Amino acid sequence: SIMKADLRAECGISDSKGILTFQGKDYPCFFGKNGLSVSKVEGDGKTPIGHFSLGQCFYRADRIQLPETNLSFRAITPNEGWCDDQAHPSYNQLVHLPFEGRHEKMYLEEGIYDLVIEILYNHDPVVPGKGSAIFWHLQSAMRPYTEGCLAIERDAFLGIIKDLTPGMIIEICGT
């Protein structure tokens, strides 16, 4: 079931700053640098609009204690990445490095992936070119936007994650 009132992220279609609402409380959040889209494509810098299940939680065990959560979780390692190569069979999936296709590293120096939840966009089935690596992750101290993900401040994320449940739906919408 869709829990609109429980987990909703909203911003203007062409904005990158918005609000995440969870259990009646609002949190500032960031979206894709080019706003939102109902027809997301790989590399467009937009966050997809729609209703999506929350997937697995990943965290950097060397930087953050395992958060209290009901979601499935795993510690990420330096040899993990996410395939964003639309011509590769592993597109939009966790991969092990070194990896021959185009990918992004999950173990980032910047820290935005110290705590991350996969948003199950373009997931089942995966459609090449429709967009990959759509995550809910930590805000960057260096930029007020994402490349297509959803990002919130660390303390807010740690407060919210303990009440998230497997199968919970996030609604991403524009105003």
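Placed above this text is the structure.
Notes on the structure follow. Just so it is clear, the structure is predicted and the values come from calculations on it, not from any experiment.

Overview of the environment of Leu54
Here Leu54 shows up in strand β6 (residues 50-59). C-alpha separation for the pair Leu54 and Pro28, spaced 26 residues apart in sequence, amounts to 19 Å. When residues no more than four places from it in sequence are discounted, the contact partners of Leu54 are Leu7, Ile117, Glu118, Leu120, Trp136, Leu164, Gly167, Met168 and Ile170.

Structural notes on the pattern of salt bridges
Per the stated rule, a full pass over the model turns up eleven salt bridges. Close ionic contact of Arg8 with Glu171 constitutes a salt bridge, the shortest N to O distance being 3.6 Å. With a gap of 163 residues between them, Arg8 in strand β1 (residues 7-11) and Glu171 in strand β14 (residues 169-174) connect regions that are remote in the sequence. The exposure class assigned to Arg8 is partly exposed, which follows from its relative accessible area of 26%. The salt bridge involving Lys33 is made with Glu147; its shortest N-O contact spans 3.2 Å. One end of the pair, Lys33, is in the loop between β3 (25-30) and β4 (36-37); the other, Glu147, is in the loop between β12 (135-138) and β13 (150-152), with 114 residues separating them in the sequence. The partly exposed category is assigned to Glu147, whose relative accessible area is 45%. Sharing partners across several salt bridges, the network here consists of Arg8, Glu10 and Glu171.

Describing the sheet that holds strand β8 (residues 80-83)
An order of β9-β8-β10 is seen for the three strands of this open sheet, with the pairing classed as antiparallel. Of all the strands in the sheet, just β9 (94-96) and β10 (103-105) have a single pairing partner and so form its edges. The average angle at which neighbouring strand axes cross in this sheet is 40°, direction not considered. For β8 and β10, the ladder comprises three bridges, and the chain directions are antiparallel. Following the sheet pairing, Cys83 is matched in β10 by His103.

Cut-off values and rules
Residues numbered from 1 in each chain as written. Predicted model: local features only at pLDDT ≥ 70, side-chain atom pairs only at ≥ 80, totals over all residues. Heavy atoms only, no water. Helix = DSSP H or I, 4+ residues; strand = E, 2+ residues; numbered from the N terminus. Contact = heavy atoms within 4.5 Å. Salt bridge = Lys/Arg side-chain N within 4 Å of Asp/Glu carboxyl O. Buried < 20%, exposed > 50% of the residue type's maximum accessible area, 1.4 Å probe, protein only. Pairing = 2+ DSSP bridges. Axes fitted to C-alpha atoms, helices over the stretch in contact; angles between N-to-C directions.

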